[in-house]
Protein chains: 2
Amino acid sequence: MERPIKPARLRGDRVTMAHGGGGKAMRDLIEEIFTDVFAPPGTEDQARLTAQALTEPGAQLAFTTDSFVVSPPEFPGGDIGKIAVCGTVNDLAVGGARPLWLSAAFIIEEGCEFDLLRRIVASMQAEADKAGVRIVTGDTKVVERGSADKVFVTTSGVGVIPAGRDLQAANIRPGDIALVNGVLGDHGATILAARGDMALTTDIRSDCQSLNALIEAVVAAAPGTRAARDATRGGLASALNEMAEAAGVGIEVAESDLPLRAEVKGVCEVLGLDPLYLANEGTLVLFVPEAEAQAALDAMRATEAGRNAAIIGKATAGPSGRVTMRTLFGGQRLVDTLVGEQLPRIC
Amino acid sequence: MERPIKPARLRGDRVTMAHGGGGKAMRDLIEEIFTDVFAPPGTEDQARLTAQALTEPGAQLAFTTDSFVVSPPEFPGGDIGKIAVCGTVNDLAVGGARPLWLSAAFIIEEGCEFDLLRRIVASMQAEADKAGVRIVTGDTKVVERGSADKVFVTTSGVGVIPAGRDLQAANIRPGDIALVNGVLGDHGATILAARGDMALTTDIRSDCQSLNALIEAVVAAAPGTRAARDATRGGLASALNEMAEAAGVGIEVAESDLPLRAEVKGVCEVLGLDPLYLANEGTLVLFVPEAEAQAALDAMRATEAGRNAAIIGKATAGPSGRVTMRTLFGGQRLVDTLVGEQLPRIC
C-alpha cells in the first residue's frame, strides 16, 4: 500500500508489554500500525453504521466470527491477515449474505516485530478493498512472550441477507448437483510446505480468496441455488458430511471429477494424506438443481475465483448423512468426517 | 447453570490438538461445551438475525470487538467469560447502543481443562441473560501448549443506537458535570491480588458488570446526557483524557469526590499505584448538563450498578484536552494519560 509517510511515534521495532497497557504507548501502536491504515469511522470504541440494505423488508442481518492462529503467519499466497478477511467474508457469503463490515481484534505476543504487523494490516486492507468490505472497529491486546505465537487475529463480520435468499445446507434435495469453484487442498498443502519441517519445496500457493463476488454471480445465473459452504478446516470431506447431515440426504462424488493440482496430489502421496481432508481458504461447495447446473458452472468459470470450477457429484435420496466417492478404480468408498486433527493451526 | 445431563461425548478432561482439527473431535468439543449452553440459532456458521429496532428510521447499527486475555482467567467477582460479555456490552452501551447480539471466539491452549471452559461458558451465558443479549455465533481454535495461556476470548457485539441518541465524547461542553457510577479500581486491585505473587489478601472483588440497564435509566432521567465512556484499561485517568481531547475541553475533578474503597486505597499505597489508573470493568464516566446532574445521579443510584454513583467534577472551557485534579491538600495536579503499562493482561 502506498501511504503518505508520517512522523513515526513508535520507538524500537518490536511490541513491548507497554503497548498493551491502555496508555500513550498503546495509542501510538494502534494509530501508527492499525487505524492509519484501516481508517475506521469515528473515534469511539464502536462503529456506528447505516446501510439501506438493512432496512429493506425481509432482509436479515448475518453475523459471524472466526479466530485465526495459522502458523506460520505468512506463507505463499497469503498471510494471517488475508485469511482473517477472506475467512469471515466467506462465512457471510456462503450463507447468502452480502458482507458489509468487519471487526479485527489482535492478540500480539511481546516481541512481535512492528513490520510483521504492518504487512498483515496492509494485507487485510488490500483484501477488504478487493472484497468490498470495510474494517470498521478493532482491538489490540499484548501478552507476554510465550503466552501467544506472534499474533492471533479474530475477525467478526456483519452482512445483509437479501429478502428471499436462503443458502442453508438444509435446502439440498436429492438430485441436486454439487459443484466446487476450484482445485482442492492448495491451502493445506501450502501450509504443510511452509512449515519447513517436511523439507518440501513446491510452487503451491494458498487459495486464500474472498468468494462473495463469485456467489453473487452464481445466484444471479442460477437463482434456484440451494446451498453453499466453504471447505475450510476438515476440507471438502467435512463440508460434504455437514451438508449431507443438515439436509438428510446422501452425497455421491466421483474421484475423477475432483479438481486437484498434480503438486498437491504429490504432497499427499508423499505424506500419506487425503486431499479430501486438506483445508482450503477460498474453495466452496455449491448445490444447485440439475436444470441450473450448467448455468452455475458457466457463471463460476467466468469469475476469477471460479476458473477451475467443476461438477463433482450429486445429492441422493439416501442413506441420510452418508457421503460416498466413486474411486478411480471403479469402487465406491465412504468419505467420513475427519476424526482428529489432520494439520493443526491451518487457519 | 442447571442443565439436563447429556451423555458425554468428550473423552478425558483436557483439550488436545485434535479438538481443533475440523473433524468429529472438534464438533464434540463445540457441541458439548459451547453450543449446548449458548444455543445459537440455526446450524450454519453464521447467525441470521432480525430486529425491529434496526429498521426504524434514523436507527444506527453499532458494532464493536474486544479480545480478552486476563490472567488469571478466574478471579473474585468474575472470570474471563464474564468480562468478555460485560466488556462488549459496555462498549456498545456507552456509545448509546442497545446491545442485541454477541459473537464469542475462543483460542484454547492444548491441555486446557474442559471444566475451566465449562465454567467460563456458564458464566458468559449467565451474564448475557442478565444483560439481555444473546450469544449467537462463535468459533474455537486450539493451539499447542505454550502458544497461548489457557484460553483467550474475543467477543464482538452488535446493537442498535436509537434515532437521535448520541453519547460521543465530542459532545461534552464546558460546564457539564462528570459522574461515575461506582467505586474506582476494584477490578485492577482484584487482579493484582489474584496473581498471588504480591502476597496480598483482600476482600476486593472485580466490579465486572454490564452497564446497559444503567445507561438506559440515566438517559431516560437526564435526556440531555452528553457522553459516556467506560473506564477500563488505563482507568479513569485515561477515559477522562480521551474525553477531554475528543471534546476540546478541560476537565477538573476533585480527589475528595472520587469514590474509592479503603482496601483499594490500601493496595495502591502499599504498591505505589495510583487508583486513577487502575482498570475497571463495570465503571463508566458520564457527562450531563448541569441542570440534569441531580436527575442523572438519582437515576444511577436507583440501579444495581450505580449504588455508589458520585459527581466527581466538571468540564471547563480549557485548556483543551487537559485533565486536572484538586488534591485533598488543596493543590491542583495534572492527570496525564498513562504512558506505559500499569498492569499487563488486566482484561
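Residues numbered from 1 in each chain as written. Chains lettered and ligands numbered in written order. Predicted model: local features only at pLDDT ≥ 70, side-chain atom pairs only at ≥ 80, totals over all residues. Heavy atoms only, no water.

Enquirer: Got a minute to help me understand the overall build of chain A in this structure?
Expert: Assigned secondary structure in chain A consists of 9 helices and 14 strands. In terms of C-alpha radius of gyration, chain A reaches 21 Å, essentially the compact-globule figure of 20 Å for 347 residues. With respect to the three principal axes, the spread of C-alpha positions in chain A is 65 × 55 × 30 Å. A buried classification covers 61% of the 347 residues belonging to chain A. Of the charged side chains in chain A, 33 are positive and 45 negative, and the gap between their average positions amounts to 3 Å. (Helix = DSSP H or I, 4+ residues; strand = E, 2+ residues; numbered from the N terminus. Rg over C-alpha atoms; globule rule 2.2 N^0.38 Å. Buried < 20%, exposed > 50% of the residue type's maximum accessible area, 1.4 Å probe, protein only. Lys, Arg positive; Asp, Glu negative; His and termini not counted. Charge placed at Lys NZ, Arg CZ, Asp CG, Glu CD.)

Enquirer: Would you mind going over the UniProt feature "domain: PurM-like N-terminal" (unreviewed entry) in chain A with me for this structure?
Expert: Using the residue numbers shown here, the UniProt feature "domain: PurM-like N-terminal" (unreviewed entry) corresponds to residues 56-161 of chain A. As annotated, residues 56-161 of chain A has a helix share of 31% and a strand share of 43%, and its two end C-alpha atoms lie 10 Å apart. (UniProt positions renumbered as here; feature names shortened; annotations may be inferred.)

Enquirer: What exactly am I supposed to notice about the relation of the copies chain B and chain A here?
Expert: Note: a rotation about an axis with an accompanying shift along it relates these two copies of the chain. You can overlay chain B on chain A at an RMSD of 0.0 Å; the transform is a turn of 180 degrees with a shift of 0.0 Å along its axis. Those values place the two copies in the arrangement expected of a two-fold rotation axis. The residues that chain B uses at the interface reappear at the interface of chain A in 100% of cases, marking a shared surface. (Least-squares fit on C-alpha atoms with pLDDT ≥ 70 in both. Contact = heavy atoms within 4.5 Å.)

Enquirer: Looking at this model, I keep getting lost on the sheet that holds strand 1 (residues 47-49) of chain B. Mind explaining?
Expert: Pairing between the strands of a sheet comes from backbone hydrogen bonds, and it takes one of two forms, parallel or antiparallel. Sheet architecture is open: 5 strands sit in the order 6(A)-5(A)-7(A)-2(A)-1(B), paired in mixed fashion. Each end of this open sheet is capped by a strand with a single partner; those strands are strand 6 (134-143) of chain A together with strand 1 of chain B. On average, each strand axis in the sheet is inclined to that of its neighbour by 15 degrees, with strand direction left out of account. Each of strand 5 (98-109) and strand 6 of chain A is contacted by helix 1 (residues 24-38) of chain A, which is oriented at about 150 degrees to strand 6 of chain A, the strand it contacts most. (Pairing = 2+ DSSP bridges. Axes fitted to C-alpha atoms, helices over the stretch in contact; angles between N-to-C directions.)

Enquirer: Even after reading the chapter, I still don't get the interface of chain B and chain A, so can you show me in this structure?
Expert: Interfaces are often sized by the accessible area lost when the parts come together. Chain B puts 79 residues into the contact, and the matching count from chain A is 79 residues. The contact between chain B and chain A buries some 6,400 Å² in all, and 51% of this surface belongs to carbon and sulfur atoms. Looking only at chain B, the three residues that lose the most surface to chain A are Arg 48, Phe 63 and Arg 233 of chain B, adding up to 13% of its buried area. A salt bridge links Lys 24 of chain A to Asp 336 of chain B, with the shortest nitrogen-to-oxygen separation between them at 3.5 Å. Put simply, chain B and chain A have 33 residue pairs in polar contact (both at pLDDT 80 or more) between them. Secondary-structure elements contributing two or more residues to the side of chain B that touches chain A are helix 1 (24-38), strand 1, strand 2 (60-68), helix 2 (80-94), strand 5 (98-109), strand 6 (134-143), strand 7 (151-161) and helix 6 (235-247) of chain B. Each residue belonging to the side of chain B that touches chain A can be placed in one class, and the counts come to 32 nonpolar, 27 polar and 20 charged. Sheet analysis places strand 2 (residues 60-68) of chain A next to strand 1 of chain B, joined by 3 bridges and oriented antiparallel. From the neighbouring strand, Ala 62 of chain A faces strand 1 of chain B, where its bridge partner is Arg 48 of chain B. (Buried area = accessible area lost by both parts, 1.4 Å probe. Salt bridge = Lys/Arg side-chain N within 4 Å of Asp/Glu carboxyl O. Polar contact = N/O pair within 3.5 Å; in protein donor to acceptor, adjacent residues only side chain to side chain. Nonpolar A, V, L, I, M, F, W, Y, C, P; charged D, E, K, R; others polar.)

Enquirer: What should I look at first to understand the domain arrangement of chain A in this one?
Expert: Residues and elements named next belong to chain A. Here the domain parsing of chain A yields domain 1 (17-39 + 56-161) and domain 2 (169-334). Placing a centre on the C-alpha atoms of domain 1 and another on those of domain 2 gives a separation of 26 Å. Contact residues are listed per partner, giving 20 residues for domain 1 and 22 residues for domain 2. Across the domain 1 to domain 2 interface the summed buried area is about 1,700 Å²; carbon plus sulfur atoms make up 55%. Of all residues in domain 1, Pro 76, Asn 90 and Val 94 give up the largest surface area on contact with domain 2, accounting jointly for 31% of the area buried on that side. Connecting domain 1 to domain 2 are 2 salt bridges. We note a salt bridge from Arg 98 to Glu 216, for which the minimum N-O separation is 3.1 Å. Between domain 1 and domain 2 we count 8 residue pairs in polar contact (both at pLDDT 80 or more) in total. (Domains from an automatic or database assignment.)

Enquirer: For this particular structure, what's the right way to read unusual backbone geometry?
Expert: Negative phi is the rule for most residues except glycine; trans is the rule for most peptide bonds. The step from Gly 318 of chain A to Pro 319 of chain A runs through a cis peptide bond, and the omega angle for that step is -5 degrees. For Pro 319 of chain A, the location among the structural elements is in the loop between strand 12 (310-316) and strand 13 (323-326). Its identity is not glycine, yet Ala 39 of chain B carries a phi of approximately 45 degrees, on the positive side. Turning to its location among the elements, Ala 39 of chain B is positioned in the loop between helix 1 and strand 1. Residue Arg 345 of chain B is not a glycine yet carries a positive backbone phi of 55 degrees. When you line up the elements, Arg 345 of chain B lands in the segment after strand 14 (332-334). Owing to a relative accessible area of 5%, Arg 345 of chain B belongs among the buried residues under this scheme.

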